[in-house]
Amino acid sequence: MSEQDRFEDDVVYALTRTGEGFRTEQAPLVSGGLDRGRRRWRRRSAAAVVSGTAALAVVATGAVYLSGSAGNSPAGTVLTAAAEPAAGSGTGAGGGTGSASPTPSGSATAEPPVITGDEVLATFKALLPKGTVSNGSGRGTDDSSGPGNGTFAAADLVLDDGQGKSLISVAIQKHRKGQSQPRTCPADLKTARLDSCAVTVLPDGSRLLLSQGYEYPDHRADTKQWLAQLAGPDGREILVSEWNSPQEKGAPDSRRNPPLGLDQLKSVATDKSWDRIVAAVQYDGVDTEPLDTGLSLEDREAVFAGLLPAGARVTARDGSQIYATFQVSSGTTTGPVILKVENWSKQAGDTQLGELFKDATTLPDGTKVVEYGPGSAKAGSAQPMVDTLHPGGLRVMVTLGSGPAKGGRTAGVLTLDQLRAIATSAQWKLRK
């Protein structure tokens, strides 16, 4: 892969994170995000699940990405609807660092067991109430069709317990440490069109979100959607969803409520029979642990904010242990600035690293600098970007997201010179 291809991969990922990163008022996010996000999983894996009903993948993006680590909350704590997201967690889909990142370190491990779609479906059926099951389908780790081979398992079916047909689905995925976002409920349930929402910290450190809402936040129909989402300390993400209709969309409601109450949803999501399937599911995304600098999101924001030019300030942030996106305001201009900080100290001889910085300018302190975009020697992107490798192996990349249009092209909140000053600063230090 060429240097330009790697650059484009980094920028594409960074700009994608920009669109996902900022949390505004939580109620409209959940109204338009939590529900659309789940549908996006299904659309993304439509080719993966045999059934035409609610094809499932597992949650992928941004603020609607409701998985999370257990944090420091005591066992049994119930987080109210106004609970705030914990800072510094999550990356969104996969949490990868782009193709320029080194291969994860560590020796080869034993091959995980293989689970078939039929086994996933059978496990799901066994946890549900008695009734007539139809249109059942499953996705196992042996299924090579569609994206995400081996990284998720899913099943869906239509259950008739004698009171009407209901579509019920389950999706299972595993996230690496530091690559998931905390689950929260909206501050305003009414605006989000939720009848109830709560997050509970379980004794084993798992977090469980239980929600009773509707398929359509815009009230075009009253089809109900109730769900349970479990995030475990081992990285598991289990989503159980149900509707009071035999289809997620496009079918009349067949009953007053979905068949499973909140306690039953909890029981299905937390059942130990999923352990075997979780063990077979591979972790999604790239292992970023070898690249972790030891700098928390707060640490990176403190350095970044201190390096902004006079009059500029950070007004919002989102990020992971590698990527961070800051909304920066300067005068009348506001725009996103994407910061990527990596530990390359153990990859000093990596060929990818050498190729990335083969044409770099070397500063007196030994920092290598490569610049891209308008006004730079490598004008391969509409957005300016500065990529640096500091002595000791700290890599700092700063680039702009989309800004207001001026003079027929995209303008950003910071200039290339200002990005260079941030990326090359000696204030960046490894802590790991």
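What counts, and at which threshold
- Residues numbered from 1 in each chain as written.
- Predicted model: local features only at pLDDT ≥ 70, side-chain atom pairs only at ≥ 80, totals over all residues.
- Heavy atoms only, no water.
- Helix = DSSP H or I, 4+ residues; strand = E, 2+ residues; numbered from the N terminus.
- Buried < 20%, exposed > 50% of the residue type's maximum accessible area, 1.4 Å probe, protein only.
- Contact = heavy atoms within 4.5 Å.
- pLDDT = per-residue confidence, 0-100.
- Pairing = 2+ DSSP bridges.
- Axes fitted to C-alpha atoms, helices over the stretch in contact; angles between N-to-C directions.
- Salt bridge = Lys/Arg side-chain N within 4 Å of Asp/Glu carboxyl O.
- Disulfide = S-S within 2.5 Å.

Trainee: Teacher, can you tell me more about the overall build of the protein chain here?
Mentor: Assigned secondary structure in the protein chain consists of nine helices and 17 strands. Out of the 432 residues belonging to the protein chain, those deemed buried represent 54%. Taking the intrachain contacts of the protein chain between residues at least 6 apart in sequence as the baseline, contacts between residues at least 24 apart amount to 65%.

Trainee: Please clarify how the confidence of the model for the protein chain should be interpreted in this entry.
Mentor: For the protein chain, mean pLDDT is 73; residues scoring 70 or higher make up 66% of the total. The element-level mean pLDDT for the protein chain is lowest in strand 1 (residues 78-79), coming to 35, with helix 5 (residues 262-270) highest at 97. Long-range and interchain partners of residues 1-108, a stretch whose pLDDT sits below 50, account for 294 contacts in this model, where long-range means more than four residues apart. Counting contacts from residues 403-410, a segment whose pLDDT is below 50, to residues more than four positions away or on other chains yields twelve contacts.

Trainee: Is there a simple way to explain the environment of Ala 154 in this structure?
Mentor: Take Ala 154: it is sitting in strand 3 (residues 152-160). Residue Ala 154 is classed as buried on the basis of its relative accessible area, which comes to 0%. Separated by 17 residues in the primary sequence, Ala 154 and Ala 171 place their C-alpha atoms 4.3 Å from one another.

Trainee: I tried to follow the sheet that holds strand 15 (residues 394-400) on my own but got confused; where do I start?
Mentor: Sheet strands associate in pairs through backbone hydrogen bonding, adopting either a parallel or an antiparallel arrangement. Strand order in the open sheet made by the seven strands is 9-10-11-15-14-13-12, with antiparallel pairing throughout. For this open sheet the edge positions go to strand 9 (312-319) and strand 12 (361-362), each flanked by a neighbour on one side alone. The sheet contact formed by strand 12 and strand 13 (residues 368-372) spans two bridges and is antiparallel. If you follow Thr 361 over to strand 13, its bridge partner there is Val 369. Against the sheet, helix 9 (residues 416-423) makes contact with strand 11 (333-343), strand 13, strand 14 (385-389) and strand 15, and its axis sits at roughly 25° relative to strand 14, the strand it touches most.

Trainee: What's the story with the pattern of salt bridges in this structure? I'm lost.
Mentor: Side-chain pairs of opposite charge can arise where the charged atoms are in close proximity. Under the criterion given, the structure shown has 15 salt bridges. Two residues, Asp 222 and Arg 193, come together in a salt bridge whose shortest N-O distance is 2.4 Å. Placement of the pair is Asp 222 in the loop between strand 6 (207-214) and strand 7 (224-231) and Arg 193 in the loop between helix 4 (189-192) and strand 5 (194-201), with a sequence separation of 29 residues. In this structure, Arg 317 and Glu 298 form a salt bridge, with 3.8 Å as the shortest nitrogen-oxygen distance. A residue pair is termed long-range when its members are at least 10 positions apart, and Arg 317 in strand 9 and Glu 298 in helix 7 (residues 297-307) qualify at 19 residues. With a relative accessible area of 37%, Glu 298 lands in the partly exposed category. Each of the salt bridges in this network shares a partner with another, and the network as a whole consists of Lys 340, Glu 342, Asp 387 and Arg 395.

Trainee: I tried to follow the state of the cysteines on my own but got confused; where do I start?
Mentor: Covalent bonding between the sulfur atoms of two cysteines defines a disulfide. In this structure the tally under the stated criterion is one disulfide. Put simply, Cys 185 and Cys 197 are joined by a disulfide, and their sulfur atoms are 2.1 Å apart. Note on the Cys 185 and Cys 197 pair: the S-S dihedral is about -80°, so by sign convention the disulfide is left-handed. A residue pair is termed long-range when its members are at least 10 positions apart, and Cys 185 in the loop between strand 4 (165-174) and helix 4 and Cys 197 in strand 5 qualify at twelve residues. Comparing Cys 185 with Cys 197, the two get one shared label, buried.

Trainee: Quick question: what am I supposed to make of the pairing of strand 9 here?
Mentor: Along a regular strand, successive side chains alternate from one face of the sheet to the other. Bridging between strand 9 and strand 10 (residues 323-330) involves seven bridges; their strand directions are antiparallel. Pairing of Ala 316 across the sheet is with Gln 327, part of strand 10. Count of turn residues in the strand 9/strand 10 antiparallel hairpin: three residues.

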